[in-house]
Amino acid sequence: MRAVVQRVTRATCTVEGRVTGETGPGLLVLLGVAPGDTAGTARALAGRVARLRIFGDDAGKMNRSVQDIGGGVLSVSQFTLFADTRRGNRPSFTGAAPPDQARTLYAEFNAALRDLGLPVGEGVFGAHMVLDLTNDGPVTITLEEVGEA
């Protein structure tokens, strides 16, 4: 499972002109699911995201998590995080999980974030989404959590 985590002052997801999810100060998380991922993988990665210390403390040092600042999360599924372009210019997505598995684990990831007390806005799985965000810093971190064999 892969997550690209962006520290944002705000982020919005729109599908067909309708806002489906948003957050104020907090994180935009783009989440990719791999075939070997499980519910345990999703919960472990959600914990890492919630505890990731990328917000400034009083001295301006990245020392606080989204939980510490009382922030929220906009979570968006993104199979393209597993794009493979080693064989040319057209990406292959064979490293991404099948849609049914990915949808289930995306929901599990979001539920785990909520269980940790975070408000979570969501994209729409499989839809064409428009993201509008203000990246703070900018700070963008990639996290990986290995699925259970």
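Data block above holds the structure.
The structure presented is a predicted model; accordingly, all values stated were derived computationally and were not measured.

(A) Structural view of the packing of helix H1 (residues 39-51) against helix H3 (residues 99-115). Packing of H1 against H3 leaves a shortest axis separation of 8 Å and a crossing angle of 40°. Between H1 and H3, the angle falls in the class oblique. Crossing angle aside, the handedness with which H1 passes H3 is right-handed. Of the residues in H3, those in contact with Ala 39, Ala 42, Arg 43, Leu 45, Ala 46 and Val 49 of H1 are Leu 105, Glu 108, Phe 109, Ala 111, Ala 112, Leu 113 and Asp 115. Partitioning the contact of H1 with H3 into residue classes produces ten nonpolar, no polar and three charged.

(B) Main features of unusual backbone geometry. A cis amide bond links Gly 137 with the next residue in sequence, Pro 138, at an omega value of -10°. Tracing the backbone shows Pro 138 in strand S8 (residues 130-144).

(C) Just the packing of aromatic side chains, in detail. Taken as a whole and judged by the stated rule, the model has two aromatic pairs. Ring geometry for Phe 79 versus Phe 93: centroids 4.9 Å apart, planes at 75°, classification edge-to-face. Of this pair, Phe 79 sits in the loop between strand S6 (72-77) and H3 while Phe 93 sits in the loop between S6 and H3, placing them 14 residues apart in sequence. Classification of Phe 93 by relative accessible area gives partly exposed; the value is 30%. Ring plane angle 40° and centroid distance 6.4 Å describe the contact between Tyr 106 and Phe 125, whose orientation is recorded as tilted. Here the residue Tyr 106 occupies a position in helix H3, and Phe 125 occupies one in the loop between strand S7 (120-122) and S8, the gap between them amounting to 19 residues. In this structure Tyr 106 comes out as buried when scored by relative accessible area, which is 4%.

(D) Region of interest: the environment of Arg 114. Considering the arrangement of structural elements, one finds Arg 114 in helix H3. Beyond its immediate stretch of four places on either side in the chain, Arg 114 contacts Val 120 and Glu 122. A polar atom in the side chain of Arg 114 sits 3.0 Å from the backbone oxygen of Val 120.

(E) Just the nonpolar core, in detail. In this structure, Val 5, Leu 27, Val 49 and Phe 109 are the most contacted members of the largest nonpolar core, which totals 28 residues. When residues of this core are traced back to their parent elements, those giving at least two are strand S1 (2-15), strand S3 (26-32), H1, H3 and S8. In terms of residue count, the dominant contributor to this core is H3 (six residues). With residues up to four places along the chain from it excluded, the contact list for Val 49 reads Val 5, Leu 27, Val 29, Val 66, Phe 109, Leu 113 and Leu 143. Leu 28, Leu 30, Leu 81 and Met 129 belong to the second largest nonpolar core, which has eleven residues in total.

Rules and cut-offs
Residues numbered from 1 in each chain as written. Predicted model: local features only at pLDDT ≥ 70, side-chain atom pairs only at ≥ 80, totals over all residues. Heavy atoms only, no water. Axes fitted to C-alpha atoms, helices over the stretch in contact; angles between N-to-C directions. Helix = DSSP H or I, 4+ residues; strand = E, 2+ residues; numbered from the N terminus. Parallel < 35°, antiparallel > 145°, perpendicular 65-115°, else oblique. Left-handed = near helix turned anticlockwise from the far one by under 90°. Contact = heavy atoms within 4.5 Å. Nonpolar A, V, L, I, M, F, W, Y, C, P; charged D, E, K, R; others polar. Phe/Tyr/Trp six-rings, centres within 6.5 Å; stacked < 30°, edge-to-face > 60°. Buried < 20%, exposed > 50% of the residue type's maximum accessible area, 1.4 Å probe, protein only. Polar contact = N/O pair within 3.5 Å; in protein donor to acceptor, adjacent residues only side chain to side chain. Core = buried A, V, L, I, M, F, W, Y, C linked by side-chain atoms within 4.5 Å.

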